[in-house]
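Okay, here's what each chain looks like letter by letter:
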Amino acid sequence: MTIWRMAIAAAQGHANYAEISERHVIAQGWPELGDLSCLYRACRAGWLTWDQAEKILTDIALLADHAGYDPNVQRFNNAFQQILFKIQPNDIVIAYEGITPVGIGQVCACMVYAFDRYGVLGVLPAQFGKSTFEYAHCLYPVNWVGWNDLNGFVVAHGEQAIPPAGGAYGPIGIDERHDSVNRIWHHWNNYSEEHPDDFCQEMLVLCEERQAALAKRDCVTELSYWRSLSMLAALNKALKLKMQVILHGPPGTGKTFLAKQFVTEHWKLPADRWEIVQFHPAYNYEDFVRGVQVSTNRQGQVEYHTVNRVFAELCSRAANDPGNDYVLIIDEINRANLAAVLGELIYALEYRGEPVRTPYKVIDGFYLQVPKNLYIIGTMNTADRSVGHIDYAVRRRFAFLPVLPNREVIQQVVAKDNGLRASAEQLYHAVAVLFTGDDNQRKLTGDFFADDVQPGHTYFLAQSCDALLTTFVYQVLPLLHEYVKDGVLQSGATLTLGGLGIPLGQPMQPLALENQLRARLLCFAPNAQQAGGQADGAAPAPNPAGVDDEPEDGGE
């Protein structure tokens, strides 16, 4: 058990001891960060390290347009490290206003994080003349006692009062006054014995209700969204600058998922303000912009009509609603002849708002213009050599953002239990060294870059050991086999795992490989244990958003 020292802002309009005490919480500010319940759950369960959580917090703060949340980044990080990871049930906290200790409390055995901006813990902001609580990030409940009450008890028992000793170390810090810590514990224990307080017992039901609600909460989407914040911020910046962006990278890096996540979770567009289409070699201008539609009238006669297709139709909707943003996602954008599909739109995309003449006349006439509130996000598989490259005229109209393999995603979202995460990383590493290992391990030929072809992390995001093994044997290994045939990997390339060598240039026997790999993966070991443990009462680690048993990019 630890004694903490917490600074409370005494200024008008901020939290004070009376407010913290009445709310029965340890609390910190920065309400613009939003509800961090899922982040708390992930940290306490061991799904995230502090370094990973710190990066997420920083991204959240920056994306909330609150970059000036605190000029002292160290104080900000320190506060949330204690809340998310370190403060434990039965710890003691001393609250200071300036250098004056004003209260001391003990964290109850049932402890939970709550985003208490609106009074969800039963104390309304209006009771303190506020519309919301600024100090919204709370650990609850805490049994607070006034510092003077404790010292009065100490003096009444013939001992000297506990000295104030200089205030707190930033928002929250461990009390390192070794000569005082034992004395504080001694007096607190005596006070607790003589002043039995049913507070924690009374709050137990509400605390358990909040814990149960957190366990049921769908943290999958939130964790995945937070993990992608840096990329989403870059995508947001590029879109606002260029209006059309292509997310490019090798198969299995979640490009399509990232595009949809940006639209639905970051920009929060309703379904009627975005569309998704997938290009393919047979896709043409008449499918995408405008074309002729054949129909039969009531007399059975064939009629021909020129109609708007998905792009022109979305342009029309966006033009009629200039106050809102619209997005078109083009999946596999490089699989079609892009210059032919776009036609005169190559000009219209650069000169937004200017009408261009099309070959087809619809109700509005021959002309079409691309409004400034319509944005385009394309995805491009850089390993797909069966299609032509995007020509320079088209390329100049788009910003390009790489989406690359990232081992950290596996570390963040795959469950630890039964060695599943360790096995996923084991397989990921065995593949990665073929592309980025040292001279002896790397088998990539000189005509290719690893960033264009290395299989991505989504192949290794599975809910179970069986799903992980199946994806690896029936998707990853065949892809590597094709890489050898196409000259991406050297003809003698061999994947090595736990003493097993798999020649990638030779025909494979999936059932035999399944049995061989099953004997070497940690998650299939008879006594596989949780790697690093899981917090008591924590729900199983979530299935990462957008991941079933296949990579998000559809097994590119």
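Starting from 1, residues in each chain are numbered consecutively following that chain's sequence as written. For this predicted model, a pLDDT threshold of at least 70 governs which residues receive local features, and a threshold of 80 or more governs which side-chain atom pairs are given and counted, while totals over whole chains, interfaces and linings are taken from all residues. The basis for the side-chain values is all heavy atoms of the structure; hydrogens and waters are excluded.

With respect to the packing of helix α17 (residues 420-436) against helix α19 (residues 465-485)
One way to put it is that α17 packs onto α19 with a least axis distance of 11 Å and a crossing angle of 5°. Relative to α19, the element α17 lies roughly parallel. On the side of α17, the interface is formed by Leu420, Ser423, Ala424, Leu427, Val431, Leu434 and Phe435, while α19 contributes Cys465, Leu468, Phe472, Val476, Leu480 and Tyr483. Polarity classes work like this: nonpolar for Ala, Val, Leu, Ile, Met, Phe, Trp, Tyr, Cys and Pro, charged for Asp, Glu, Lys and Arg, and polar for all others, with Gly in that last group. A breakdown of the residues in the contact of α17 with α19 according to their chemical character gives twelve nonpolar, one polar and no charged. Axis definition: a line fit to C-alpha positions, over the contact stretch in the case of helices; interaxial angles, taken between N-to-C directions, run 0 to 180 degrees. Only runs of H or I of at least four residues qualify as helices and only runs of E of at least two qualify as strands under DSSP, and these elements are numbered from the N terminus. Throughout this description, any angle smaller than 35 degrees is read as roughly parallel, any larger than 145 degrees as roughly antiparallel, any in the 65 to 115 degree range as roughly perpendicular, and the remainder as oblique. Contact between two residues is taken to exist if any of their heavy atoms lie within 4.5 Å; hydrogens are not considered.

Notes on the confidence of the model for the protein chain
The score called pLDDT rates the predictor's confidence residue by residue, from a low of 0 to a high of 100. Of the residues in the protein chain, 87% have a pLDDT of 70 or more, and the chain-wide mean is 84. Between the elements of the protein chain, mean pLDDT differs from a low of 61, seen in strand β6 (residues 172-174), to a high of 98, seen in strand β11 (residues 326-331). Across residues 529-556, where pLDDT falls below 50, the model places 76 contacts with residues more than four positions away in sequence or in other chains.

A word on the packing of aromatic side chains
In summary, the pairing rule links any two rings of Phe, Tyr or Trp, Trp by its six-membered ring, whose centres are within 6.5 Å, and it sorts them by plane angle into stacked for under 30 degrees, edge-to-face for over 60 and tilted for everything else. One pass over the full model with this rule turns up 17 aromatic pairs. Aromatic pair Phe279 and Phe288: ring centres 5.3 Å apart, planes at 90°, arrangement edge-to-face. Phe288 matches Phe279 in its accessibility class, with the two residues each being buried. The criterion for a charge sitting over a ring is simple: Lys NZ or Arg CZ within 6 Å of the ring centre, and within 35 degrees of the ring normal. The ring of Phe400 has Arg395 lying over it, and the distance from NZ or CZ to the ring centre is 4.5 Å. Remark: exposure states derive from per-residue accessible area (1.4 Å probe, protein chains only) relative to the maximum for the residue type, with buried under 20%, exposed over 50%, and partly exposed in between.

What to know about helix α20 (residues 510-518)
Those residues of α20 not exposed but buried are Leu513, Glu514 and Leu517. Taken end-on, α20 shows its buried residues confined to a sector of 105°, consistent with a single buried face. Facing away from the buried side of α20 by over 90 degrees, the exposed positions are Leu511 and Asn515. Tucked into the core, α20 has its buried residues touching α19, β16 (494-497) and β17 (500-503). Note that the arc is defined by the directions from the helix axis to the C-beta atoms.

Focus on a nonpolar patch on the surface
Among the surface-exposed residues, Val292, Val294, Val302 and Tyr304 lie close enough to one another that they form a single nonpolar patch of about 410 Å² accessible area. For the nonpolar patch, the secondary structure elements donating two or more residues are β9 (290-296) and β10 (302-308). As for its placement among the helices and strands, Val302 is situated in strand β10. Candidate patch residues must exceed 30% relative accessible area and have no salt bridge, after which like charges are joined if within 9 Å and Val, Leu, Ile, Met, Phe, Trp or Tyr side chains if within 5 Å. All accessible-area figures derive from a Shrake-Rupley calculation using a 1.4 Å probe, and residue coverage is judged against the displayed protein chains alone. Salt bridge, as applied in this entry: a Lys or Arg side-chain nitrogen positioned within 4 Å of an Asp or Glu carboxyl oxygen.

Comments concerning the state of the cysteines
What we call a disulfide is simply a covalent bond connecting the sulfur atoms of a pair of cysteines. The definition used for a disulfide is geometric: two cysteine sulfur atoms within 2.5 Å. If you walk through the whole model with that rule in mind, you get two disulfides. Here Cys38 connects covalently by a disulfide to Cys219, the sulfurs 2.1 Å from one another. When the S-S torsion is -85°, as for the bridge of Cys38 with Cys219, the disulfide is left-handed. A residue pair is termed long-range when its members are at least 10 positions apart, and Cys38 in helix α2 (residues 37-44) and Cys219 in helix α8 (residues 219-227) qualify at 181 residues. Here the two residues Cys38 and Cys219 agree in accessibility, since each one is buried. At a sulfur-sulfur separation of 2.2 Å, the disulfide partner of Cys110 is Cys207. Taking the sign of the torsion about the S-S bond as the criterion, the disulfide between Cys110 and Cys207, at about -100°, is left-handed.

Brief notes about unusual backbone geometry
Of note, the amide linkage connecting Tyr140 to Pro141 takes the cis form, showing an omega dihedral of -5°. Mapped onto the elements of the fold, Pro141 is located in strand β5 (residues 137-146). Despite not being glycine, Lys268 shows a phi value in the positive range, around 55°. Along the chain, Lys268 turns up in the loop between α10 (255-266) and β8 (274-278). On the basis of relative accessibility, which here comes to 61%, the residue Lys268 falls in the exposed class. We note that Glu332 has phi near 55°; this positive angle belongs to a residue other than glycine. Topologically, Glu332 is positioned in the loop between β11 and α13 (338-342).

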